[in-house]
Amino acid sequence: MTFKTLATLGAFAAALALSTALPAAAETFRLSHNTNDTTTWQKGAEKFNELLSEKSGGEMDVRIFPNAQLTGGDQMKQAEMVGRGALDFVVTSAINVTPLVPEMAVFSLPYLYSGYEDVDATTAGAPGDRMEEIMAENGIVVLAWGENGFREVTNNVRPVKAPADMNGLKMRVAGPMYIDVMNALGANPQQMQWTETFSALQQGVVDGQENPIGAVIIPQRVYEVQKYLTAWHYSYDPIFIGVSKTLWESWDEATKQMVQAAAEEAMEYQKTITREDTEKGAAYLKEQGMEIYEPSAEEVDAFRQATKPAFDSWAQKVGPDLVTLFQDAISAGGQAPQAQ
């Protein structure tokens, strides 16, 4: 054997040893969400990536894109892209999926819920299972439910203490159901991407908006451009982490279980920190100069009655049987909502 041959074999052996010593390159997936990188949506996505990397031994990595960057800022388009396999993962809220899956609006029907116990009875029960089936039919596998929270109303014009106080206010809303709710209250709703909302509030293009305290109002610094907040808890909007059904079905059972476990743990973490931030949020917002109004039970009931037309209309759109499934789960959970 010649020296040249020995050298070649030696180089090959060294390269082979080096290749076996180096870890395989991680497979990178793309995850989109529509809030900025300071929110609990982002923190939940980061936790998911951390857990998935850990559980896969570094073989799976998730690259996170906030502010709906991959859909040109269009928060409604994210789910559609995941549904057809153009995106891998999404963290978004139920209301943002309604253009693709109108039934998801059931979560956000006005005054469906009285508190977190009611919410958990649906997301962790038969209603959550049914919504996961419906989402899968539209190409998205819901891996776990997280927390966006109860949506509160803010504005720059006046305190909102009664339905009449909403009259004429220009309100930014996220989707069609909220347009109907605001119309029922006499407001002037304007559907707008979240990425455009801060500047619209700052410039007076709209007077107000509605969103949860812990997940959006505080981390997105809405208090910098809004004066008044009413804690009316009028609508709840869960978030979820979903994966393309096409991608999901390409994995073996062990991989599916690993991804599912990472998502469930990440969303449980996200839910916990969001509820904690919400609990201490009102005091923080007062420190930032906002005026907070907490309506009485009678005042809340006035808002409930005023939004009943929107409830009834959307109950028909999402399906009376589906609404009944949610209401039954809430009743069985021990804290039934007041009748609409």
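The structure presented is a predicted model; accordingly, all values stated were derived computationally and were not measured.

Engineer: If you had to explain the pairing of strand E5 (residues 149-155) to someone new, which residues and values would you point to?
Structural biologist: Among the seven residues that make up E5, seven are buried, leaving the element largely enclosed by the rest of the structure. Alignment of E5 against strand E9 (residues 228-237), held across six bridges, turns out to be antiparallel. Bridged to Asn155 within E9 is Tyr228. Pairing geometry for E5 and strand E8 (residues 208-212), over five bridges, is antiparallel. Its bridge partner being in E8, Arg151 is matched across the sheet by Pro212.

Engineer: Which residues make up the sheet that holds strand E10 (residues 239-244), and what values go with them?
Structural biologist: Two modes of strand pairing occur in sheets, parallel and antiparallel, and in both the strands are linked by backbone hydrogen bonds. Spatially, five strands are ordered E2-E1-E3-E10-E4 in an open sheet, and the strand pairing comes out mixed. Lying at the two open borders of the sheet, with one neighbouring strand each, are strand E2 (60-65) and strand E4 (140-145). Geometrically, the sheet is characterised by an average inter-axis angle of 25° between neighbouring strands, direction not taken into account. Two strands pair when backbone bridges link them, and strand E3 (residues 89-93) and E10 are joined in this way by five bridges, in the antiparallel orientation. Across the sheet, the residue bridging to Val90 is Gly242, located in E10. Along the sheet, helix H2 (residues 40-55) makes contact with strand E1 (27-33), E2, E3 and E10, crossing E2 at roughly 165°.

Engineer: Which residues make up empty space enclosed by the protein, and what are the values?
Structural biologist: In total, this model carries one cavity of 30 Å³ or more according to the counting rule given. Counted as a void, the largest cavity has a volume near 110 Å³. If you go around the largest cavity, you meet 16 residues; those closest to its centre are Asn34, Trp41, Gln75, Asn96 and Asn211. Its residues assigned to classes, the lining of the largest cavity comprises five nonpolar, eight polar and three charged.

Engineer: Can you explain the confidence of the model for the protein chain? Please cite residues and give values.
Structural biologist: Close inspection of predicted coordinates is inappropriate in any region flagged by low pLDDT. Looking at the protein chain as a whole, its pLDDT mean stands at 91, while 91% of the residues score no less than 70. In the model, residues 3-9 has pLDDT below 50 throughout and makes two contacts with residues more than four positions away in sequence or in other chains. Contacts from residues 334-340, a stretch scored under 50 in pLDDT, to residues over four places away or in other chains number 19 contacts.

The rules behind the values
Residues numbered from 1 in each chain as written. Predicted model: local features only at pLDDT ≥ 70, side-chain atom pairs only at ≥ 80, totals over all residues. Heavy atoms only, no water. Buried < 20%, exposed > 50% of the residue type's maximum accessible area, 1.4 Å probe, protein only. Helix = DSSP H or I, 4+ residues; strand = E, 2+ residues; numbered from the N terminus. Pairing = 2+ DSSP bridges. Axes fitted to C-alpha atoms, helices over the stretch in contact; angles between N-to-C directions. Contact = heavy atoms within 4.5 Å. 1 Å grid on protein atoms, 1.4 Å probe; cavity = no way out; pocket = protein on both sides within 12 Å on 5 of 7 lines; lining within 4 Å. Points joined across faces, edges and corners; volume = space filled by probe spheres on them. Nonpolar A, V, L, I, M, F, W, Y, C, P; charged D, E, K, R; others polar. pLDDT = per-residue confidence, 0-100.

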